[in-house]
Amino acid sequence: MHAEMPDLKQLRLQLKAAQDANDKPAIAELSRRIVAIAPNDVATWNALAKSKLELEDLDDLGRTLDAWQKTARQPPAAIEDFRGYLCFKRKDYQCAEQHWLAFIATKPAPAVVATACDNLAAVCAEQARWADHASYRTKAIAAQDTAARRVLRAMAFLRLHKWDDAYADMAKANKMDATNPQVKQWLPQFERLQQFLPRIKPLDAQIAKSPNDPAPLLERARILMLAGRPLLALDDAERGFKLQPASMRARIQTAEALLEVDRADDAAKLDVNRDLIRGRDRPVTDEVLRQLAALDSGLAQNPKDLDALIARAKILGQLRQFTLSLADANAALSINDKSAAAQFEAARDLDALDREKEALLHARIATELDPHDSTKWFFRGVVERQRADFAGAIASQTRSIELGESPLALSEREQCERRLGKVAEAETDLRRIRELRP
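Residues numbered from 1 in each chain as written. Predicted model: local features only at pLDDT ≥ 70, side-chain atom pairs only at ≥ 80, totals over all residues. Heavy atoms only, no water.

A. How the structure looks around the overall build of the protein. The secondary structure content of the protein amounts to 25 helices and 0 strands. By the compact-globule yardstick of 22 Å for 438 residues, the protein is too spread out, its C-alpha radius of gyration being 32 Å. Dimensions of the protein along its principal axes, counting C-alpha atoms only, are 105 × 55 × 45 Å. Counting across all 438 residues of the protein, residues that qualify as buried make up 45%. Taking the contacts inside the protein whose residues are at least 6 apart along the sequence as the reference set, 49% of them involve residues at least 24 apart. Summed over all atoms, the accessible surface of the protein reaches about 22600 Å², with 51% contributed by carbon and sulfur. The positive charge centre, built from 67 side chains, and the negative charge centre, built from 66, are 4 Å apart in the protein. (Helix = DSSP H or I, 4+ residues; strand = E, 2+ residues; numbered from the N terminus. Rg over C-alpha atoms; globule rule 2.2 N^0.38 Å. Buried < 20%, exposed > 50% of the residue type's maximum accessible area, 1.4 Å probe, protein only. Contact = heavy atoms within 4.5 Å. Areas by Shrake-Rupley, 256 points an atom, 1.4 Å probe, with all protein chains shown as cover. Lys, Arg positive; Asp, Glu negative; His and termini not counted. Charge placed at Lys NZ, Arg CZ, Asp CG, Glu CD.)

B. Looking closely at the packing of helix α22 (residues 374-386) against helix α23 (residues 390-403). One can describe the packing of α22 onto α23 by two numbers: an axis separation of 8 Å at closest approach and a directional angle of 165°. If you check the angle between α22 and α23, you find them roughly antiparallel. Like other packed secondary-structure pairs, α22 and α23 cross with a definite hand, here left-handed. On α23, the residues touching Ser-374, Trp-377, Phe-378, Arg-380, Gly-381, Val-382, Glu-384 and Arg-385 of α22 are Phe-390, Gly-392, Ala-393, Ser-396, Gln-397, Arg-399, Ser-400 and Leu-403. Of the residues contributing to the contact of α22 with α23, the split by class is 6 nonpolar, 6 polar and 4 charged. (Axes fitted to C-alpha atoms, helices over the stretch in contact; angles between N-to-C directions. Parallel < 35°, antiparallel > 145°, perpendicular 65-115°, else oblique. Left-handed = near helix turned anticlockwise from the far one by under 90°. Nonpolar A, V, L, I, M, F, W, Y, C, P; charged D, E, K, R; others polar.)

C. The pattern of salt bridges, seen in detail. Applying the stated criterion across every chain, the model contains 44 salt bridges. Where Asp-145 meets Arg-150, a salt bridge forms, and the shortest distance between an N and an O atom there is 2.9 Å. On the basis of relative accessibility, which here comes to 14%, the residue Arg-150 falls in the buried class. For Arg-418, the salt bridge goes to Glu-427, with nearest N and O atoms at 2.8 Å. For Arg-418, a relative accessible area of 34% gives the class partly exposed. A network of salt bridges, in which partner residues are shared, links Lys-52, Asp-57, Asp-60 and Arg-63. (Salt bridge = Lys/Arg side-chain N within 4 Å of Asp/Glu carboxyl O.)

D. Broad picture of the state of the cysteines. Evaluated as defined, the whole model comprises 1 disulfide. With no disulfide partner, Cys-117 has as its closest neighbouring cysteine sulfur the one in Cys-124, 10 Å distant. (Disulfide = S-S within 2.5 Å.)

E. Seen up close, the layout of surface pockets. Reported here for the largest pocket is a volume of approximately 370 Å³. Every residue lining the largest pocket is counted, 18 residues in all, and those nearest its centre are Trp-130, Met-155, Arg-159, Trp-186 and Leu-231. Mapped onto the lining of the largest pocket, the elements with two or more residues apiece are α7 (110-126), α8 (130-143), α9 (147-159) and α14 (230-243). Looking at side-chain class alone, the lining of the largest pocket contains 13 nonpolar, 1 polar and 4 charged residues. (1 Å grid on protein atoms, 1.4 Å probe; cavity = no way out; pocket = protein on both sides within 12 Å on 5 of 7 lines; lining within 4 Å. Points joined across faces, edges and corners; volume = space filled by probe spheres on them.)

F. Quick look at helix α6 (residues 93-105). Given a rise of 1.5 Å per residue, 13 residues ought to cover 18 Å, and the 18 Å separating the end C-alpha atoms of α6 matches this to within 8%. For α6, the complete set of buried residues consists of Tyr-93, Cys-95, Ala-96, Glu-97, His-99, Trp-100 and Phe-103. Looking one or two places after α6, you find Lys-107, whose phi comes out positive at around 60°. (Expected span 1.5 Å × (residues − 1).)

G. The arrangement of the nonpolar core in detail. In this structure, Leu-193 and Ile-252 are the most contacted members of the largest nonpolar core, which totals 72 residues. It is helix α15 (residues 248-260) that provides the largest number of residues to this core, a total of 7 residues. Those residues in contact with Ile-252 that sit more than four places away from it in its chain are Val-272, Leu-276, Val-284, Leu-292, Leu-316, Leu-319, Gln-321 and Leu-324. By size, the runner-up hydrophobic cluster in this structure holds 13 residues, among which are Val-35, Trp-45, Leu-48 and Ala-49. (Core = buried A, V, L, I, M, F, W, Y, C linked by side-chain atoms within 4.5 Å.)

H. Inspection of the packing of helix α13 (residues 214-226) against α15 at higher detail. Following both chains from N to C, one finds α13 and α15 inclined at 30°, their axes separated by 11 Å at the closest point. With respect to their mutual orientation, α13 and α15 come out roughly parallel. Both α13 and α15 take part in a crossing whose hand is left-handed. Together, Leu-218, Glu-219, Ala-221, Arg-222 and Met-225 of α13 and Arg-249, Ala-250, Gln-253, Glu-256, Ala-257 and Glu-260 of α15 make up the contact between the two elements.

I. Local environment of helix α5 (residues 78-89). The end-to-end C-alpha distance of α5 is 17 Å, a good match for the 16 Å that 12 residues give at a rise of 1.5 Å each. Within α5, the full set of buried residues consists of Ile-79, Asp-81, Phe-82, Arg-83, Gly-84, Leu-86 and Cys-87.

J. Expanded view of the packing of aromatic side chains. Applying the stated criterion across every chain, the model contains 7 aromatic pairs. Ring geometry for Trp-45 and Trp-68: centres 6.0 Å apart, planes at 5°, overall stacked. Here Trp-68 lies in helix α4 (residues 58-71) and Trp-45 lies in helix α3 (residues 42-54), a separation of 23 residues in the sequence. The pair formed by Trp-45 and Trp-68 is uniform in burial state, with each residue classed as buried. Taken together, a centroid distance of 5.3 Å and an interplanar angle of 70° make the contact between Tyr-167 and Phe-190 edge-to-face. Separated by 23 residues along the polypeptide, Tyr-167 in helix α10 (residues 163-176) and Phe-190 in helix α11 (residues 181-194) bring together distant segments of the chain. With respect to burial, Tyr-167 and Phe-190 carry one shared label: buried. Pairwise contacts between aromatic rings join Tyr-85, Phe-88, Tyr-93 and Trp-100 into one cluster. In this arrangement the basic side chain of Lys-376 is found over the ring face of Phe-344, its NZ or CZ atom lying 5.3 Å from the centre. (Phe/Tyr/Trp six-rings, centres within 6.5 Å; stacked < 30°, edge-to-face > 60°. Lys NZ or Arg CZ within 6 Å of the ring centre and 35° of its normal.)

K. The environment of Leu-218, seen in detail. Relative to the elements of secondary structure, Leu-218 occurs in helix α13. For Leu-218, a relative accessible area of 4% puts it in the buried group. Distance in space between the C-alpha atoms of Leu-218 and Leu-403 is 43 Å, their sequence separation being 185 residues. Beyond its immediate sequence surroundings of up to four residues, Leu-218 is in contact with Ala-237, Gly-240, Ser-247, Arg-249, Ala-250 and Gln-253.

Here you go:
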């Protein structure tokens, strides 16, 4: 043993240098060598486990903890703490909670208890156990009260819609340390939300009285979105959608909230894409949601309401949700395939979904069923041009212009005329466009 001591001393010096340099791989390797020589060195075991956790080498962390536990006559409480982190990283939240509770039971210092309670709150957040989440935040504050922890509990109270408690915590946090980064980040957001509480609290009462009515849930979700709280909005929208799965308003609001919290894959499962919230001029307005709600209500009473299906398909098309729009258009066609409006909506959706051949088929039927609508002829001409049928496109745009002259139809016809070498006709159209657009 005496012959090994100089090597051990050298290893400790190297470990200190690695720690000063924050060289995690070196810390892990040197710590492993030291505990192989000195298996009762608790501090180095701790450094080894910590480095493995920070490197996210979870399998090796598990082996390290097992080895540490075997060598220790009385396993240190820190092993329970590390096992909590290991389980949390592996998304085994029940296991993580058990180990952190066991760690707290060893009665570590208050600051350490507070951190463990923070971790337990994070476990509950992952499982959407919001009451338990708030409870652990309270225990963290009891162990060590800080401005940051007050902010975190205020956010927990928001998830429970305990508005007054949330604002009391936020005020306390601001009083404790107005310069705290958490306070500076969240105080303006709380102030923004506060402006909407007079509209939210009456809905709270309605929801408490009629928890199975999706209407107030969806209305509150909308206000929460306007207030910049998409997670809270998502809670309500998902509840509303679960209560009324056929509601297109609930589907759109749920997807909108999912997109706002960067869960595009989950929104896609609802057949809603990112275009829903594209650009500054957001298409999901209060008026759109009211229209969808009215159409949902009508279709709930009469699923074969042709006009309602077409109207909803049109709105969904305006929201750039063409898969959903096409589903409604097809539902309308299954009721009456002689509906020019349904054929037209199907054509526009198919075109937007890059299914131009099918789109043209429906566009032609739409113009045959309603030959006096210039818009339908214009669209048919556009699809014909896209499919390189320039002669057909010229004929369709000519018909559209005869029914109602427009610069757009003239421009489409001009393009097609040039493609067929009809320069004189194209120049005539160009002059007319300039007359209409001086």
